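# Architecture and fold: a report
So the chains spell out like this:
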Amino acid sequence: MADSMTSVTTPVVEAHGAKIPVIGLGTWRAGTDVAAAAVAAALQCGYRHIDTAIAYANEEAVGEGLRSGGVPRDEIFITTKIPPDQIGLGALERAAEASLKRLKLDQVDLLLIHWPNSAIPLNDSMRALCAAKRAGLTRHIGVSNFPVALLDEAVHRADEPLVTNQCEYHPRLGQTALIESCRRHGIAFTSYAPLGRTQILDDAVVTAIAARLQRTPAQVILRWHIQQPDVVAIPKSQSPARIKENFEIFDFELPPEDMAALSALARPDGRLVNPAWAPRWD
Ligand code: NAP
């Protein structure tokens, strides 16, 4: 374990000065009882990117895992997110400060608006997000669950660069338009629910590729994500064995025909995350 903790260099996606490791650990539904151990296990096997959110109610435990993982703070890219009812002027900065207290950090690397909120003027939210960056609460800013038109507007209204749009993406859900719009703005696309919350792991196309390449279905799907330019993936696991498995994807490549076969699994009803407050998707 000690060996794997030294000289780890995860490939990164670069966006407006941010260097975002292409694989991060997701922590939604990693409760306070398991999140610290999961984060520490991830750091120990080489992850340098951790994703949390105020809404996950696990920031204290994630912070504990960051401290116990034995990796210097400046080598870790940590993201948190502000819920949509707290993205107004003033409220957003206060929420970010409270997050830092729970995480026991001076600054996060990336602060995201978790979901858009049509009841709060986008201009106010972008001003607040930029103010949080200028106040040093975060090194970089971005958004999550922003469809193309809203992303364009957010970029236009922000006077600091956005570095990512974090959205659902896996082989069952095509996101070509959104990924292209991220590329146009020079920002990274971060795939959440990258494993389709396990629902695609037993797809026959996925299992056939995995068997031929002697990899697991999860490794094949994560490799499909990170082989796409400017795409980052944040698989969640609280099992040390699966955390490790999900990171062991840097020593093989999917040939173009496998990339295409996986992309061809996209279907109109492939979306898994669609709460009542979701925007109108592209
Ligand atoms: P996911 O990463 O696609 O799937 C997580 C599920 O897959 C868990 O049940 C996990 O179980 C299982 N799993 C992980 N690795 C596996 C493997 N190698 N083999 C078999 N099963 C495996 O879904 P997600 O958690 O919804 O998304 C990932 C992260 O994205 C979240 O944790 C969160 O950080 C972020 N997210 C953001 C938003 C947003 O609105 N911005 C929304 C959803 C998610 P075990 O834990 O038991 O391994």
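Placed above this text is the structure.
The numbers attached to residues start from 1 for each chain and follow its sequence in the written order. Local features in a predicted model are, by the rule used here, given only for residues with pLDDT of at least 70; side-chain atom pairs are given and counted only at 80 or more, and totals for whole chains, interfaces and linings are based on all residues. Water and hydrogen atoms play no part in the side-chain values, which are based on all heavy atoms of the structure.

It is worth spelling out helix H11 (residues 256-263) at this point. Of the positions making up H11, those classed as buried are Asp 258, Met 259 and Leu 262. Seen from one end, H11 has its buried residues packed into an arc of 105°, which puts them on one side. Facing away from the buried surface of H11 by more than 90 degrees, the exposed residues are Pro 256 and Glu 257. Here a residue-residue contact requires only that any non-hydrogen atoms of the pair lie within 4.5 Å. Helix and strand assignments come from DSSP, with helices taken as H or I runs of at least 4 residues and strands as E runs of at least 2, each series counted from the N terminus. On its buried face, H11 sits against helix H8 (204-213) and helix H9 (217-226). Here the term buried applies to any residue with accessible area under 20% of the maximum for its type, exposed to any over 50%, and partly exposed to those in between, with areas from a 1.4 Å probe on protein chains only. Throughout, the arc means that of the directions going from the helix axis to the C-beta atoms.

Counting 86 residues, the largest nonpolar core has Ile 23, Ile 50, Leu 66, Leu 92 and Met 126 as the members making the most contacts within it. Setting aside chain neighbours within four positions, we find Ile 23 in contact with Thr 10, Tyr 47, His 49, Leu 222, Ile 226, Ala 233, Pro 235, Asn 246, Phe 247, Ile 249 and Phe 250. To form a nonpolar core, buried Ala, Val, Leu, Ile, Met, Phe, Trp, Tyr and Cys residues must be joined to one another through side-chain atoms within 4.5 Å. Listed in part, the seven residues of the second largest apolar core include Trp 115, Val 273, Ala 278 and Trp 281.

It is worth spelling out the environment of Ile 54 at this point. By the secondary structure assignment, Ile 54 is in the loop between strand E4 (49-51) and helix H3 (59-68). Look at Ile 54 and you get buried, because its relative accessible area is 17%. Counting along the chain gives 60 residues from Ile 54 to His 114, while the straight-line C-alpha distance between them is 9.1 Å. Beyond its immediate chain neighbours, meaning those up to four positions away, Ile 54 contacts Glu 59, Thr 80, Lys 81, Ile 82, Pro 83, Ala 95, Ser 99 and Arg 102.

This part takes up the sheet that holds strand E10 (residues 231-233). One key point about sheets: their strands pair by backbone hydrogen bonds, in either a parallel or an antiparallel sense. Being paired, for any two strands, means DSSP has found at least two bridges between them. Spatially, E3-E4-E5-E6-E7-E8-E9-E10 is the arrangement adopted by the eight strands of the open sheet, whose pairing is parallel. Unpaired on one side and paired on the other, strand E3 (25-26) and E10 mark the two borders of the sheet. To define axes, lines are fitted to C-alpha atoms, for helices over the stretch in contact only, and angles between the resulting N-to-C directions are given on a 0 to 180 degree scale. Strands in contact with helix H7 (residues 176-185) are strand E8 (162-168), strand E9 (188-192) and E10; relative to E9, the strand with the most contacts, it is inclined by about 145°.

Working definition: a ring pair exists when centres of Phe, Tyr or Trp rings (six-membered ring for Trp) sit within 6.5 Å. Plane angles under 30 degrees give stacked, over 60 give edge-to-face, the rest tilted. Summed over all chains, the structure comprises six aromatic pairs. Geometrically, the ring pair formed by Tyr 47 and Phe 247 is stacked, given 4.8 Å between the ring centres and 25° between the ring planes. Taken as a pair, Tyr 47 in the loop between helix H2 (35-45) and E4 and Phe 247 in helix H10 (residues 240-247) lie far apart in primary sequence, 200 residues in all. The same class applies to Tyr 47 as to Phe 247, namely buried. Summarising the aromatic geometry, the rings of Trp 115 and Trp 277 are spaced 6.1 Å apart at their centres and angled 90° between planes, so their arrangement reads as edge-to-face. Remark: Trp 277 occurs in the segment after H11 and Trp 115 occurs in the loop between strand E6 (108-113) and helix H5 (122-134); sequence separation between them is 162 residues. Its relative accessible area of 6% is what places Trp 115 among the buried residues. Classification of Trp 277 as exposed rests on a relative accessible area of 54%.

Now for the pairing of strand E7 (residues 138-144). The buried count for E7 comes to six of seven residues, which makes it a mostly enclosed element. As paired strands, E6 and E7 are joined by five bridges and run parallel to one another. From the neighbouring strand, Leu 111 faces E7, where its bridge partner is Ile 141. Place the viewer so that the strands point away; then a crossover is right-handed whenever the path from the first strand over the helix to the second strand goes clockwise. You can see the chain leave E6, run along H5 and come back into E7, and the turn it takes is right-handed.

It is worth spelling out a positive patch on the surface at this point. Taken together, Arg 29, Arg 197, Lys 236 and Arg 242 make up a surface patch of like positive charges. Within the element layout of this structure, Lys 236 appears in the loop between E10 and H10. When its relative accessible area of 34% is taken as the criterion, Lys 236 is described as partly exposed. A patch consists of residues exposed above 30% relative accessible area that lack any salt bridge, with like charges linked at up to 9 Å and nonpolar side chains (Val, Leu, Ile, Met, Phe, Trp, Tyr) linked at up to 5 Å. Here the open area of atoms and residues is found with the Shrake-Rupley method and a 1.4 Å probe, where only the protein chains shown may cover a residue. Salt bridges are identified by distance alone: a Lys or Arg side-chain nitrogen within 4 Å of an Asp or Glu carboxyl oxygen. In this tally, Asp and Glu contribute negative charge and Lys and Arg positive charge; neither His nor the terminal groups of the chain are included. Charge coordinates come from a single atom per side chain, which is NZ of Lys, CZ of Arg, CG of Asp or CD of Glu.

Now for the pairing of E6. For E6, a buried count of six out of six residues is recorded, marking the element as mostly surrounded by other parts of the structure. Taking the sense of rotation as the criterion, the β-α-β connection linking strand E5 (residues 77-82), helix H4 (residues 91-103) and E6 turns out right-handed.

Counting across every chain of the model gives 15 salt bridges. We note a salt bridge from Asp 203 to Arg 172, for which the minimum N-O separation is 3.4 Å. Note that Asp 203 is positioned in the loop between E9 and H8 and Arg 172 in the loop between E8 and H7, a separation of 31 residues in sequence. By the burial criterion, Asp 203 is buried, and Arg 172 matches it. Put simply, Lys 244 and Glu 248 hold a salt bridge, and the shortest N to O gap is 2.9 Å. For Lys 244, a relative accessible area of 43% puts it in the partly exposed group. Salt bridges linked by common partners bring Lys 133, Arg 134, Asp 159 and Glu 160 together as one network.

By themselves, these are just geometric observations and shouldn't be taken as functional.
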